[in-house]
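Analysis of the macromolecular model
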Amino acid sequence: MTQACTATAVACANIAFIKYWGQRDAALTLPANGSISMNLDGCLTETSVLFDPELAGDSVWLALGGGEEEPASGRAFERVIAQIERLRAMAGNRWPVQVRSRNNFPSDAGIASSAAAFAALTCATCAALGLDVSERELSRLTRLSGSGSACRSIPAGFVEWHTDGTDAGSWAEQIAAPDHWALSDLVAVIDTGAKRVSSLHGHSLAPTSPFFDARLAELPQRLAEVRQAIIERDIERLGVATEADAISMHAVMMTQRPPAFYWLPATLLVIQAVQRWREQDHIQAYCTIDAGPNVHVICEASDAPEVESRLCELDAVQWTIVNGPGPEARIVG
Ligand code: DP6
């Protein structure tokens, strides 16, 4: 290579129906269990990388939530450059890099922006460095960034992160394309504060919960249930298993040592309202919650306007973000 090389990629965030919580190997980001998610078409990160021998050094610029671009420093800078280093070494390239990354969704909405960010970063960097990798390999490399859930943002639509405990066997694969099922994820934003316990730290604490092994024992059955529900477009089957899994993950979190309580009183208000709408009005909507207080409400797209207007009427909800099944991580320039 004699000339500077550049590429731009876009990737979606994703919401897990079966959650990843706990690791088998932290250095390799090998999860304790498989997980299943849907890409979110309304929550995108666009990342450009420029490798140029003329640059003075590595730099990373982040524009979060539509704000101004700012230089990244500290841990955020180190995590990005560690992933770049891994790919530079594979390509035999030593040129400095300039990374520019932008989200289209508010960074304070409690949506895992790191999944979209590391999927877009890995996709753009492989393209710029001329690394000709398969989707499976791209997903595996994205996983190594440390944001494990990011590997699920590589394939399109409904995705399963397989894991057999080895590096080569831990990657994400499509279960169904985005147009297979018009499903909606309505994010009910109830709090915009920073995470109290990072996912990275949380994964290491998970095995200290007496419920961790019980959760792992349930998962093969629940993974099969969710896989089948997606294939059959069965909202009730998907919703029941998804809600059960979120509650089981939070039970582990709350019983870790020290415990991590991500829920706020408003989280429970939204969960109870959704349960009420199901019981009283037969609205097929179900909740899931990541490592934060905001509630993702899953329903079919035909029910989404009604569910959204009900969510907006709750005092607990500040605003909502509506997502459908999103595309794969891809090169756009
Ligand atoms: C609760 O380690 O992938 O969202 O900090 O966003 O990189 P980041 O998280 P990660 O853990 C994700 C944990 C989870 C569940 C899930 O998405 O599977």
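Scroll up for the structure.
Remember, it's a predicted structure, so these values are computed and weren't measured experimentally.

Rules and cut-offs
- Residues numbered from 1 in each chain as written.
- Predicted model: local features only at pLDDT ≥ 70, side-chain atom pairs only at ≥ 80, totals over all residues.
- Heavy atoms only, no water.
- Helix = DSSP H or I, 4+ residues; strand = E, 2+ residues; numbered from the N terminus.
- Buried < 20%, exposed > 50% of the residue type's maximum accessible area, 1.4 Å probe, protein only.
- Near = heavy atom within 4 Å.
- Polar contact = N/O pair within 3.5 Å; in protein donor to acceptor, adjacent residues only side chain to side chain.
- Areas by Shrake-Rupley, 256 points an atom, 1.4 Å probe, with all protein chains shown as cover.
- Nonpolar A, V, L, I, M, F, W, Y, C, P; charged D, E, K, R; others polar.
- Domains from an automatic or database assignment.
- Contact = heavy atoms within 4.5 Å.
- Phe/Tyr/Trp six-rings, centres within 6.5 Å; stacked < 30°, edge-to-face > 60°.

Moving on: unusual backbone geometry. Residue P258 is bonded to the preceding R257 through a cis peptide linkage, with omega at -5°. Tracing the backbone shows P258 in the loop between α6 (235–255) and α7 (265–281). Positive phi, normally seen in glycine, also occurs at R233, with a value near 50°. Residue placement: R233 occurs in the loop between α5 (212–232) and α6. Residue classification places R233 among the partly exposed residues on the basis of a relative accessible area of 44%. A positive phi angle, close to 55°, is found at H282, a residue other than glycine. You can see H282 is positioned in the loop between α7 and β11 (285–288). Given a relative accessible area of 64%, H282 falls into the exposed group.

Turning our attention to the site of the ligand. Surveying the vicinity of the ligand reveals 16 residues, the closest of which are Y20, S114, S147, S149 and R152. Measuring from an oxygen atom of the ligand, one finds a side-chain N or O atom of S114 at 2.7 Å. Residue S199 places a side-chain N or O atom 3.4 Å away from an oxygen atom belonging to the ligand. For the ligand, the protein covers 94% of the area, taking 460 Å² as the surface of the free molecule. Residue classes in the shell around the ligand are distributed as six nonpolar, six polar and four charged. For the shell around the ligand, the domains that each give at least three residues are domain 1 (5–180) and domain 2 (183–323).

Turning our attention to the side chain of S145. Looking at the element boundaries, S145 is found in the loop between α3 (135–143) and β8 (158–162). Polar contacts involving the side chain of S145 include one to the main-chain amide nitrogen of S147, which spans 3.3 Å. Those residues within four positions of S145 in sequence are excluded, and the remaining contacts are R79, Q83, R86 and F118.

In this section: the packing of aromatic side chains. Tallying each qualifying case throughout the model produces three aromatic pairs. Centroid distance Y20 to W161: 4.8 Å. Interplanar angle 70°. Geometry classified as edge-to-face. Of this pair, Y20 sits in the loop between β1 (5–18) and β2 (23–25) while W161 sits in strand β8, and the two are 141 residues apart along the sequence. Residue classification places W161 among the buried positions, given a relative accessible area of 0%. With centroids separated by 6.4 Å and ring planes inclined at 90°, the aromatic side chains of W21 and Y262 adopt a geometry described as edge-to-face. Note that W21 is positioned in the loop between β1 and β2 and Y262 in the loop between α6 and α7, a separation of 241 residues in sequence. Each member of the pair, W21 as well as Y262, carries the same accessibility label: buried.

Don't take any of this as a statement about function, it's just geometry.
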